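Close look at the chain arrangement
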Amino acid sequence: MRPEDIGGVHIKYLHHCRRQLWLYARGVRPEQLSAAVQLGEAVHDLSYRRNSPVDLGAAVLDFVDGEQWVHEVKSSSRSTTADEAQVVHYCYRLRQVGVAARGAVLHYPKTRRTKKIEYGDAEAARAERDIAEALAVTDAAESPPRLSRSRCRGCSFVDYCWSD
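Here we summarise the structure given alongside this text. These numbers were taken from a predicted model, which means no experiment stands behind them.

How each quantity is defined
Residues numbered from 1 in each chain as written. Predicted model: local features only at pLDDT ≥ 70, side-chain atom pairs only at ≥ 80, totals over all residues. Heavy atoms only, no water. Pairing = 2+ DSSP bridges. Helix = DSSP H or I, 4+ residues; strand = E, 2+ residues; numbered from the N terminus. Contact = heavy atoms within 4.5 Å. Axes fitted to C-alpha atoms, helices over the stretch in contact; angles between N-to-C directions. Disulfide = S-S within 2.5 Å. Buried < 20%, exposed > 50% of the residue type's maximum accessible area, 1.4 Å probe, protein only. Parallel < 35°, antiparallel > 145°, perpendicular 65-115°, else oblique. Nonpolar A, V, L, I, M, F, W, Y, C, P; charged D, E, K, R; others polar.

**Things to note about the sheet that holds strand 6 (residues 113-118)**
The strand order across the open sheet formed by four strands is 3-4-5-6, and the pairing between neighbours is mixed. Single-partner strands in this sheet number two, and they are strand 3 (63-64) and strand 6. Relative to strand 6, strand 5 (residues 103-108) runs antiparallel, the two sharing six bridges. Looking across to strand 6, one finds that Val 105 is bridged to Lys 116. Sheet strands touched by helix 4 (residues 81-96): strand 3, strand 4 (69-73), strand 5 and strand 6. Its angle to strand 5, the strand with the most contacts, is close to 140 degrees.

**Side note on the state of the cysteines**
Taken as a whole and judged by the stated rule, the model has zero disulfides. Note on Cys 155: no disulfide assigned, nearest cysteine sulfur contributed by Cys 152 at a separation of 6.1 Å. Using a relative accessible area of 12% as the deciding quantity, one classes Cys 155 as buried.

**A word on unusual backbone geometry**
We note that Gln 68 has phi near 70 degrees; this positive angle belongs to a residue other than glycine. Gln 68 sits in the partly exposed class, given a relative accessible area of 29%.

**Describing the packing of helix 1 (residues 8-16) against helix 5 (residues 121-139)**
With their axes 10 Å apart at the nearest point, helix 1 and helix 5 run at an angle of 80 degrees to one another. Considering the angle they form, helix 1 stands roughly perpendicular to helix 5. Residues Ile 11, Leu 14 and His 15 of helix 1 lie in contact with helix 5, whose contacting residues are Arg 126, Asp 130, Ile 131, Glu 133, Ala 134 and Val 137. A class-by-class count of the residues in the contact of helix 1 with helix 5 yields five nonpolar, one polar and three charged.

In structure tokens, the structure reads:
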């Protein structure tokens, strides 16, 4: 893979589970069979309908407002480091194409909460480190080890990783 091939899903998986990232990069895509993913898509489709997604090739983000804030709708009830890394990555990608993203707003409709993340030099450096780490994982010859079973709850890859 090349750095420009790394998208938001890659970054989210990097922070959630490196094995999930490695499998995803090889075309293993059980997400469409997952009830959790289907719920997330439904939440997304029913929330913020007036806004159009922004397609950056490897990264597709929910929308960017008129003040250059990236908005991302999540089906979970609270922010995770994976969510935060994903939107920082989107800001980084936007800056690469000349859009001066100011930061991101994570939306959690289930709990009616938001989290705002400002984008600056530290976040740009984080995005670059994440891309390098994602490339190292995806280019590895062997799969990273699976996480403990308790950390796999709700993951669409659980059957792939835990079936014997």
